[in-house]
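Structural characterization, general
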Amino acid sequence: AQRVTQPEKLLSVFKGAPVELKCNYSYSGSPELFWYVQYSRQRLQLLLRHISRESIKGFTADLNKGETSFHLKKPFAQEEDSAMYYCALSGGYSGAGSYQLTFGKGTKLSVIP
Amino acid sequence: NAGVTQTPKFQVLKTGQSMTLQCAQDMNHNSMYWYRQDPGMGLRLIYYSASEGTTDKGEVPNGYNVSRLNKREFSLRLESAAPSQTSVYFCASSASGSVNTDTQYFGPGTRLTVL
């Protein structure tokens, strides 16, 4: 079974401070990992995926297979980063060409001015 | 290009009533999904449809039924609503291409309260 754990329900940081949102996963195969974000009054949207190895809005995430982690990091937090962040895992194909995402419970990031 | 749309935005039901949540996408996606979001629980998959004509159970299917009406539309039905089904419901769609590049696009959600 696949599982995603986000140990922090709420994370508060000051503007300009570094941010690290933790995500650990459990999966026996080779997973795809994602971070989704939900800003206030907006839709849930993809922030980044590990396969792209990209930085989006200053955020990066590295897949550490040894520690089964995919922590989201940003060196300097901004007020507009305040949102709900969800780590998600895809275990590959299920059904006819589709795949399922397993989400963590989410971490609410609050950036204090 | 509206993306994923959901109706209604809000709904209040009494225990035992039935209702259908509607979802449509205009991105020509093959796969569609229904999630529920509860405080402290994150998003949990209810049902999904890998392609038109197919549906499969997700993590929490009990008490729900779905219909993939056509490629654009995927509805979620509560036959006999219960207070435990009070939640925010999200519909999503994806192209269902490569697992490395596929992205799920979400609708705005339906906030359902069952009294």
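Here, the structure is the one placed above.
Everything numeric here is computed off the predicted structure, so don't read it as measured data.

Turning our attention to the overall build of chain A. Along the backbone of chain A there are zero helices and eleven strands. Listed by position from the N terminus, the elements making up chain A come as β-β-β-β-β-β-β-β-β-β-β. Expected size for 113 residues packed as a compact globule is a radius of gyration near 13 Å; at 14 Å, chain A falls within 12% of this value. A buried classification covers 44% of the 113 residues belonging to chain A. As displayed, chain A has an accessible area near 5,700 Å², and 49% of this comes from carbon and sulfur atoms. Across chain A, the centroid of the 14 positively charged side chains sits 6 Å from that of the 9 negatively charged ones.

Residue and element names in this part refer to chain A. One open sheet accounts for three strands, arranged β3-β8-β7; its pairing is antiparallel. One side of each edge strand has no neighbouring strand; the edge strands of this open sheet are β3 (19–21) and β7 (60–61). When β3 meets strand β8 (residues 72–74), the two strands line up antiparallel, connected through three bridges. Paired with leucine 21 across the two strands is leucine 72, which belongs to β8.

It is worth spelling out the pairing of strand β2 (residues 10–14) of chain A at this point. Residue and element names in this part refer to chain A. Covered by surrounding structure in β2 are Leu11 and Val13 only, the residues Leu10, Ser12 and Phe14 on the alternate face being uncovered. By the bridge criterion, five bridges tie β2 to strand β11 (residues 107–112) in an arrangement that is parallel. Across the sheet, the residue bridging to phenylalanine 14 is isoleucine 112, located in β11.

Moving on, we come to the environment of A:Lys108. Residues and elements named next belong to chain A. One can find lysine 108 in strand β11. Residue class for lysine 108 comes out partly exposed when judged on its relative accessible area of 47%. Considered as a pair, lysine 108 and leucine 10 are 98 residues apart in the sequence and their alpha carbons are 4.7 Å apart.

Definitions and cut-offs
- Residues numbered from 1 in each chain as written.
- Chains lettered and ligands numbered in written order.
- Predicted model: local features only at pLDDT ≥ 70, side-chain atom pairs only at ≥ 80, totals over all residues.
- Heavy atoms only, no water.
- Helix = DSSP H or I, 4+ residues; strand = E, 2+ residues; numbered from the N terminus.
- Rg over C-alpha atoms; globule rule 2.2 N^0.38 Å.
- Buried < 20%, exposed > 50% of the residue type's maximum accessible area, 1.4 Å probe, protein only.
- Areas by Shrake-Rupley, 256 points an atom, 1.4 Å probe, with all protein chains shown as cover.
- Lys, Arg positive; Asp, Glu negative; His and termini not counted.
- Charge placed at Lys NZ, Arg CZ, Asp CG, Glu CD.
- Pairing = 2+ DSSP bridges.

So far we have only geometry, and geometry alone does not tell us how the molecule works.
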